[in-house]
Amino acid sequence: MKERGVSGQLMRVGRAADRRAEASRVRFIALLAATALLALGIAAMLTTHATYQGQSARGLARNPVAQEDRPDLPGTALWAKSTDSVPDGGFFSVVFITPLTAKAPLPPGLSAWPAPGEAVLSPRLRQLGAGDGIATRYGRAVAQIGAAGLQSPDELLAYIRPQAALSADRATSIVGYGRPSHASPVRLGQLDYAKPEWTFQIMPGVLVLLPVAVLLVVAARSGSHSRDRRTALVAALGGTPRARALIVLGEVSLPVLAGSLIAVAVVGAFCATDVRLPGTGFIVSAVDVRAWWWELLLGVVAAAAVVVVASVAASRLAHATAGNRPVGTRRSPTRWAIACPVFLLIAVRGPDFFAAGTPANVLINWVGAAATLITLPAAIAVLTAQLGRLMSAMGRRFGRPGLLVAGQRVAAHPGPTARMTAAVVVSLGLLIQVVAWQGLFGDTARAAQATVDRIGSSALFMQPGTATPQQMDAFVRRLPPTEQAVQLISSGGQPTATLQGTCRGLTALQLPCGRQPTKLSGVPKDPRVREIIDWSASGSTAVVVRELPQPADSAPSDPEGVPPTILVSVDGHDLHESALKQLAYEVLPKGAAINTPGGEWLVAGQLKRSQGLWITFFGFIGILVLAGASVISGTAEFLRNGRALAPISVLSGNRRVYWSAAAWGLFVPFVLSGSAGCLVGTWLAFPKTADGSSFISGAFLAACALGVSVMGLLAWGWGANVAARQANAWRPRGD
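Please read these numbers as outputs of a predicted model, since none were measured by experiment.

How each quantity is defined
- Residues numbered from 1 in each chain as written.
- Predicted model: local features only at pLDDT ≥ 70, side-chain atom pairs only at ≥ 80, totals over all residues.
- Heavy atoms only, no water.
- Pairing = 2+ DSSP bridges.
- Helix = DSSP H or I, 4+ residues; strand = E, 2+ residues; numbered from the N terminus.
- Contact = heavy atoms within 4.5 Å.
- Axes fitted to C-alpha atoms, helices over the stretch in contact; angles between N-to-C directions.
- Buried < 20%, exposed > 50% of the residue type's maximum accessible area, 1.4 Å probe, protein only.
- Polar contact = N/O pair within 3.5 Å; in protein donor to acceptor, adjacent residues only side chain to side chain.
- Phe/Tyr/Trp six-rings, centres within 6.5 Å; stacked < 30°, edge-to-face > 60°.
- Core = buried A, V, L, I, M, F, W, Y, C linked by side-chain atoms within 4.5 Å.
- Patch = residues over 30% accessible without salt bridge, like charges linked within 9 Å, V, L, I, M, F, W, Y side chains within 5 Å.
- Areas by Shrake-Rupley, 256 points an atom, 1.4 Å probe, with all protein chains shown as cover.
- Salt bridge = Lys/Arg side-chain N within 4 Å of Asp/Glu carboxyl O.
- Parallel < 35°, antiparallel > 145°, perpendicular 65-115°, else oblique.
- Left-handed = near helix turned anticlockwise from the far one by under 90°.
- Nonpolar A, V, L, I, M, F, W, Y, C, P; charged D, E, K, R; others polar.
- Disulfide = S-S within 2.5 Å.
- Expected span 1.5 Å × (residues − 1).
- Bend = angle between axes of the 7 residues up to and from the residue.

So, the sheet that holds strand 16 (residues 592-595)
Inference 1: Pairing is mixed across the open sheet formed by seven strands, whose spatial order is 13-14-12-11-15-10-16. Edge strands, defined here as strands with exactly one partner in the open sheet, are strand 13 (518-519) and strand 16.
Inference 2: With five bridges joining them, strand 11 (residues 483-489) and strand 15 (residues 565-569) adopt antiparallel strand pairing. Residue pairing across strands places Ala-485 opposite Leu-567, the latter belonging to strand 15.
Inference 3: The sheet contacts of helix 15 (residues 469-477) involve strand 10 (459-464), strand 11 and strand 15, and relative to strand 10 the element is tilted by about 150°.
Inference 4: Contacts from helix 17 (residues 527-536) reach strand 10, strand 11, strand 14 (542-547) and strand 15, with the element oriented near 35° to strand 10.

As for the environment of Lys-590
Inference 1: Tracing the sequence through the fold places Lys-590 in the loop between helix 18 (577-587) and strand 16.
Inference 2: For Lys-590, a relative accessible area of 12% puts it in the buried group.
Inference 3: Through-space distance from the C-alpha of Lys-590 to that of Thr-83 is 9.6 Å; in sequence the pair is 507 residues apart.
Inference 4: Not counting residues within four places of it along the chain, the set of residues in contact with Lys-590 comprises Ala-80, Lys-81, Ser-82, Phe-96, Gly-465, Thr-466 and Tyr-585.
Inference 5: In this structure the side chain of Lys-590 is engaged in a polar contact, spanning 3.2 Å, whose partner is the backbone oxygen of Lys-81.

Focus on the packing of aromatic side chains
Inference 1: Tallying each qualifying case throughout the model produces ten aromatic pairs.
Inference 2: Centroid distance Phe-96 to Tyr-585: 6.2 Å. Interplanar angle 20°. Geometry classified as stacked. Residue Phe-96 is found in strand 3 (residues 90-99), and its partner Tyr-585 is found in helix 18; the two are separated by 489 residues along the sequence. We note that Phe-96, like Tyr-585, is buried.
Inference 3: With a centroid separation of 6.2 Å and 85° between ring planes, the pair formed by Trp-614 and Phe-617 is classed as edge-to-face. With a gap of three residues between them, Trp-614 and Phe-617 both fall in helix 19 (residues 599-642), about one helical turn apart.
Inference 4: Note on Trp-614: relative accessible area 13%, which makes it buried.

Details of the nonpolar core
Inference 1: Within the largest apolar cluster, 71 residues are counted, with the highest numbers of intra-cluster contacts made by Leu-428, Trp-614, Phe-670 and Phe-700.
Inference 2: Taken together, the elements giving at least two residues each to this core come down to helix 2 (24-62), helix 5 (197-221), helix 7 (241-272), helix 9 (293-321), helix 13 (414-438), helix 19, helix 21 (656-684) and helix 23 (698-728).
Inference 3: If near-sequence neighbours (up to four positions away) are discounted, Leu-428 is found in contact with Ile-623, Ser-673, Gly-674, Gly-677, Cys-678, Cys-704 and Val-708.

Brief notes about unusual backbone geometry
Inference 1: Although it is not a glycine, Gln-510 adopts a positive phi angle of roughly 60°.
Inference 2: Looking at Gln-510, the relative accessible area reads 45%, which means it is partly exposed.

Some points on a nonpolar patch on the surface
Inference 1: On the surface, a nonpolar cluster with roughly 590 Å² of combined accessible area is contributed by Val-264, Trp-293, Trp-294, Leu-297, Leu-298 and Val-301.
Inference 2: Sorting elements by how many residues they give to the nonpolar patch places helix 9 first, with five residues.
Inference 3: Tracing the backbone through its elements, the reader meets Trp-294 in helix 9.

Observations concerning the packing of helix 15 against helix 18
Inference 1: Running from N to C, helix 15 and helix 18 cross one another at 140°; their axes reach a closest spacing of 10 Å. In terms of orientation, helix 15 lies oblique with respect to helix 18. For the crossing formed where helix 15 meets helix 18, the hand is right-handed. Every residue of helix 18 that contacts helix 15 at Gln-471, Ala-474 and Phe-475 is listed here: Leu-580, Leu-583, Ala-584 and Val-587.
Inference 2: Taken together, the residues of the contact of helix 15 with helix 18 break down into six nonpolar, one polar and no charged.

Regarding the state of the cysteines
Inference 1: Tallied over the full model, the rule gives one disulfide.
Inference 2: For Cys-503, the disulfide goes to Cys-513, at an S-S distance of 2.2 Å. With Cys-503 in helix 16 (residues 503-508) and Cys-513 in the loop between helix 16 and strand 13, this pair connects stretches of sequence that are ten residues apart.
Inference 3: Given a relative accessible area of 31%, Cys-503 falls into the partly exposed group.

With respect to the side chain of Lys-581
Inference 1: As for its position among the elements, Lys-581 is in helix 18.
Inference 2: Overall, Lys-581 belongs to the buried group, its relative accessible area being 3%.
Inference 3: Setting aside chain neighbours within four positions, we find Lys-581 in contact with Asp-84, Ser-85, Arg-137 and Ile-594.

Considering the pattern of salt bridges
Pairing of side chains with opposite charge becomes possible as their charged atoms draw close.
Inference 1: Following the criterion strictly, the structure yields twelve salt bridges and no others.
Inference 2: Ionic pairing is found between Glu-118 and Arg-140, a salt bridge with its closest N-O pair at 2.6 Å. Of the two residues, Glu-118 sits in strand 4 (residues 118-121) while Arg-140 sits in strand 5 (residues 140-144), which places them 22 residues apart along the sequence.
Inference 3: Take Arg-140: its relative accessible area is 53%, and that puts it in the exposed class.
Inference 4: For the salt bridge of Asp-473 with Arg-477, the shortest nitrogen-to-oxygen distance reads 2.4 Å. Of the two residues, Asp-473 and Arg-477 are both situated in helix 15; the distance of four residues between them amounts to about one turn of the helix.
Inference 5: Arg-477 gets classed as exposed once you look at its relative accessible area, which sits at 56%.

A closer look at the environment of Ser-610
Inference 1: Looking at the element boundaries, Ser-610 is found in helix 19.
Inference 2: Residue classification places Ser-610 among the partly exposed positions, given a relative accessible area of 29%.
Inference 3: Note: C-alpha distance between Ser-610 and Asp-88 (522 residues apart in sequence) is 9.3 Å.

Details of the sheet that holds strand 1 (residues 64-66)
Inference 1: The mixed open sheet is built from seven strands, whose spatial order is 1-7-2-3-6-4-5. Each having just a single partner strand, strand 1 and strand 5 make up the two edges of the open sheet. Strand-to-strand twist of the sheet, defined as the mean angle between neighbouring strand axes without regard to direction, takes the value 40°.
Inference 2: For strand 4 and strand 6 (residues 157-161), the ladder comprises four bridges, and the chain directions are antiparallel. Bridge pairing in strand 6 links Val-120 to Tyr-159.

Some thoughts on the pairing of strand 10
Inference 1: Within strand 10, five of the six residues are buried, which leaves it mostly tucked inside the rest of the structure.
Inference 2: Relative to strand 15, strand 10 runs antiparallel, the two sharing four bridges. Across the sheet, residue Ala-459 finds its bridge partner in strand 15, namely Val-568.
Inference 3: In the sheet, strand 10 pairs with strand 16 via four bridges, with the strands oriented antiparallel. In the strand pairing of strand 16, Pro-464 is matched with Ala-592.

Here we look at helix 11 (residues 359-398)
Inference 1: For helix 11, built from 40 residues, the straight-helix expectation of 58 Å at 1.5 Å per residue is met to within 8% by its first-to-last C-alpha distance of 55 Å.
Inference 2: Along helix 11, the sharpest kink reaches roughly 40°, centred on Thr-375 and followed within four residues by the proline Pro-377.

Shown next, in the form of structure tokens:
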């Protein structure tokens, strides 16, 4: 009982000391934010795992069990899969299904069988494809797929019951759903197009938790000047390490508890309802989060424990390293500062001496960028000292006490300001580098977009899901007179490709028309011909043209029996892609993929861009966390040094000096660091963005600079207000 009473007394001493300490409110907010953000970072990693687990389980539950895997059970339905796409939606699965018995089990998410010629769409597909004719593309859409049949609330998926029943040789006979885990499941759903789980775990782990670790260190050491002296006094009076730890525990208990409650409230909100994440558009399923609520709660408790342990360790480390030996003078950072622009020039212009894409080209950029970011803090420190002298001179000249005081402080002690701004500038430079590298993997997609820019959709490639020449002939006959179909037969083993079609179709492409094959020479007059050859016959050394009465009369060249078909407009205007897709699903058993030349790469590029948004999302959070750490560090430093301003303001009666000094000492450095970080990052990324391949946009850079500036605005108001209150409490005591 006595021991328990002593422990409680020591914790109360810690709470009382914290209320009277310098920058006590700053440290309270810092510890609260560190606890909440660490807990939410751990929760993000757990939620990522829960999402993958939930999507995998729902995908497994709806996967078909083939009759060949369960020969002891009778077949209940014929099942086949295809893929399709809608603008801004990427690839998605289209399932064709025909029940064989009246008691055939329904796919998960369906409440009733659609009639022949009807379809059931996911809610997101119906919404996203509304302008692309999705409601009638596969037949009449009669219902929506329920949540139990979707891997995520915003998944794109369609179930189709074709007008003509599927044939057994073109579909799989199934006995039910929920393929056993030991068998390889049929690829069905958005998870098959997603990156592996470990790639998404890295993003919150590196881009969020590492900045939070920096924030935690800053929070643990905020206001450490007077606290270290108190710790030394307690040790001199005989206080044990346990007693000192209890005092620290009393200091941090309230902010840690408050941060934990905030994290619990946020996790509870994700458990209660689906949440769409800003920037990515992804919906976090509440069902998946609730399945891991116990682990999420343990994560919050673990985060609180880490903050407490870090605070105690920081206190003991400060006590252990304290001594009376003089501190050595640090070397001047000038030589490193001079090296920074040299490395910047190497990073930007060095790759020009090597061929694009070669190892040397990439290596010189990486080395230059890394060296620039390493030497950048030294350059910032030197520039900060010079800027302080300039500010001091301007304050003296124009009679601005705030500018004079802030300039003198920065000139005499550039380290705190340099550390505050360097973290922001370096982190922005790294984030912009990562975002810029995303664009290097879309060369083919950019080429496909260039094709669209040149010819629009006046020529479309068509690849049936499955079709016979007779079915393709029926499709061609239903085309309007302004649209024609030609075929390109190109085999990897043959040096010559053949472009064939009706005379009307060939004439529309300004090609010769005749029964005898005619070899193309020179540059084709119609740019569409060049695009068709580049995308489908680039491996051929020659192209011949010949007339056929009907494209379907040609000899088949692919396993399905139909050569690649190109739809062209006679007048050169754009074709109606959605109408052609609808016609394909009306005539052909499994419809057809219809895209501009290289259009499948555009869809794949959309998928990569969507996945790249996650890097921007987590990276932007990390930038804000580092900016918050800089705010706390800078504000605490300003308040500690700001006590020296108290006599000036009291004797002169001028309280505005705090606001002007805080503006020049906190707000202006943040604004400049945000702008400088974006500028340096954009310069470093120039070798990767010169060809327009970057995902870096003006809106992204503006958001980064604005976010850092808002942090600076917060630091300005916070620091000036607290410093003014400290001045009001100051009384002359011979200091």
